[in-house]
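Each chain is listed here by its residues.
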Amino acid sequence: PALKPRTTEMRILAIRGKNLASLAGEFVVDFAAEPLASASLFAISGPTGAGKSTLLDAMCLALYHDTPRLRAATEKSVTVPDFNDQKISPRDPRNLLRRGTAEAWAEVDFEDRTGIVWRARWMVSRARKQANGLLQLAQASLFNLQTQTWFAGNRSEIQIELVNLTGLSFEQFSRSVLLAQNEFAALLKAPQKERADLLEALTGTDRLREVINSAIRARSPSG
């Protein structure tokens, strides 16, 4: 069977956001513009609270609607108080809405494994766009910048499609592209199959295995 053409792996082209954690107002990091476009290596630096981790949170929120920082909250019986006696789980991504603001969003432009550029966005707001309004359910969208069309699906379907487009699950993304604190040790201690699956996804050798298996099936008498 024919295989879809593919580049090496997905690429992050831009990170944008608004009112996320320690970053007030709108922000953007454009990797396709200078000086980052020609930089082979760069560092995200700054004092504590400057928003370094929030940039990574924004990237994860847009692509996976979750972040490693939130996943680290293991308390099951604890809730976080909000306005009007509303309470949410410590692992709820809406916790990243900056205090005193009415809306927040995270957005990422990325090139998928076939070279198509997409824009993924996660967003949350309060009722009546008031800073003391009740938290609303988070929303998500996925836009094909090449065809200028929206992906038709609900938030769960968008999450599934994003994994297909990036070629990485949230756990694989966290342990390879992001490599959050303590995740490298977790990767080294992971079961052999889990590590193998991640390395295949990163190097593209999963496609080689697919080609080999297709050739074997074609040569078999029953194929």
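Values in this document were obtained by computation on a predicted structure and should not be read as measured data.

Draft legend 1. Broad picture of the overall build of the protein chain. Helix and strand counts for the protein chain stand at seven helices and eight strands. Counting over 223 residues, the protein chain shows a buried share of 39%. In the protein chain, the proportion of contacts linking residues at least 24 apart, taken out of those at least 6 apart, comes to 57%. For the protein chain, the exposed area adds up to about 13,200 Å²; of that, 55% sits on carbon and sulfur atoms.

Draft legend 2. Up close: the packing of aromatic side chains. As enumerated under the stated definition, the model contains four aromatic pairs in all. Here the aromatic rings of Tyr64 and Phe173 are separated by 5.1 Å at their centres, their planes lie at 50°, and the arrangement is tilted. Residue Tyr64 is found in helix H1 (residues 52–64), and its partner Phe173 is found in helix H4 (residues 170–178); the two are separated by 109 residues along the sequence. Look at Tyr64 and you get buried, because its relative accessible area is 7%. Taking relative accessible area as the criterion, Phe173 reaches 0% and is therefore assigned buried. Ring plane angle 55° and centroid distance 4.6 Å describe the contact between Phe143 and Trp150, whose orientation is recorded as tilted. Put simply, the rings of Tyr64, Phe170 and Phe173 pair up and form one aromatic cluster. Lying over the aromatic face of Trp105, Arg121 brings its terminal NZ or CZ to 4.0 Å of the ring centre.

Draft legend 3. View of the pairing of strand E2 (residues 23–30). Pairing of strand E1 (residues 11–20) with E2, which is carried by six bridges, proceeds in the antiparallel orientation. Residue pairing across strands places Ala14 opposite Asp30, the latter belonging to E2. Between the end of E1 and the start of E2, which pair antiparallel, lie two residues, with Ala21 showing a positive phi angle near 50°.

Draft legend 4. Highlighting unusual backbone geometry. Here Glu34 and Pro35 are connected by a cis peptide whose omega angle stands at 10°. Of note in this structure, Asn19 is not a glycine but carries a positive phi near 55°. Secondary-structure assignment places Asn19 in strand E1.

Draft legend 5. Molecular detail of the sheet that holds strand E7 (residues 139–144). Read from one edge of the open sheet, six strands run E2-E1-E5-E6-E7-E8, paired in antiparallel fashion. Unpaired on one side and paired on the other, E2 and strand E8 (149–150) mark the two borders of the sheet. Relative to E8, E7 runs antiparallel, the two being bridged by two bridges. When the bridges of E8 are listed, Phe143 appears paired with Trp150. Across the sheet, helix H3 (residues 155–166) touches strand E5 (103–111), strand E6 (117–125) and E7, and the angle it forms with E7 is around 45°.

Draft legend 6. Structural detail: the pattern of salt bridges. Under the counting rule described, the total for this entry stands at twelve salt bridges. One salt bridge in this structure joins Glu111 and Arg11, with 3.3 Å as the shortest N-O distance. Pair noted here: Glu111 is in strand E5 and Arg11 is in strand E1, with a separation of 100 residues, a long-range link. On the basis of relative accessible area, Glu111 is assigned to the buried category, the value being 16%. Where Asp82 meets Arg126, a salt bridge forms, and the shortest distance between an N and an O atom there is 2.7 Å. Of this pair, Asp82 sits in the loop between strand E3 (80–81) and strand E4 (87–88) while Arg126 sits in the loop between E6 and E7, and the two are 44 residues apart along the sequence. Judged by relative accessible area, which is 14%, Asp82 ranks as buried. In this structure, a network of salt bridges that share partners links the residues Arg16, Glu107, Asp109, Arg119 and Arg121.

Draft legend 7. The arrangement of the packing of H1 against H3 in detail. Relative to each other, H1 and H3 sit at 110°, their axes nearing to 8 Å. By the angle between their axes, H1 is roughly perpendicular relative to H3. The segment H1 lies against H3, with Ala62, Leu63 and Tyr64 engaging Gln159, Leu162, Val163 and Thr166. For the contact of H1 with H3, the residue count by class is five nonpolar, two polar and no charged.

Parameters and conventions
Residues numbered from 1 in each chain as written. Predicted model: local features only at pLDDT ≥ 70, side-chain atom pairs only at ≥ 80, totals over all residues. Heavy atoms only, no water. Helix = DSSP H or I, 4+ residues; strand = E, 2+ residues; numbered from the N terminus. Buried < 20%, exposed > 50% of the residue type's maximum accessible area, 1.4 Å probe, protein only. Contact = heavy atoms within 4.5 Å. Areas by Shrake-Rupley, 256 points an atom, 1.4 Å probe, with all protein chains shown as cover. Phe/Tyr/Trp six-rings, centres within 6.5 Å; stacked < 30°, edge-to-face > 60°. Lys NZ or Arg CZ within 6 Å of the ring centre and 35° of its normal. Pairing = 2+ DSSP bridges. Axes fitted to C-alpha atoms, helices over the stretch in contact; angles between N-to-C directions. Salt bridge = Lys/Arg side-chain N within 4 Å of Asp/Glu carboxyl O. Parallel < 35°, antiparallel > 145°, perpendicular 65-115°, else oblique. Nonpolar A, V, L, I, M, F, W, Y, C, P; charged D, E, K, R; others polar.

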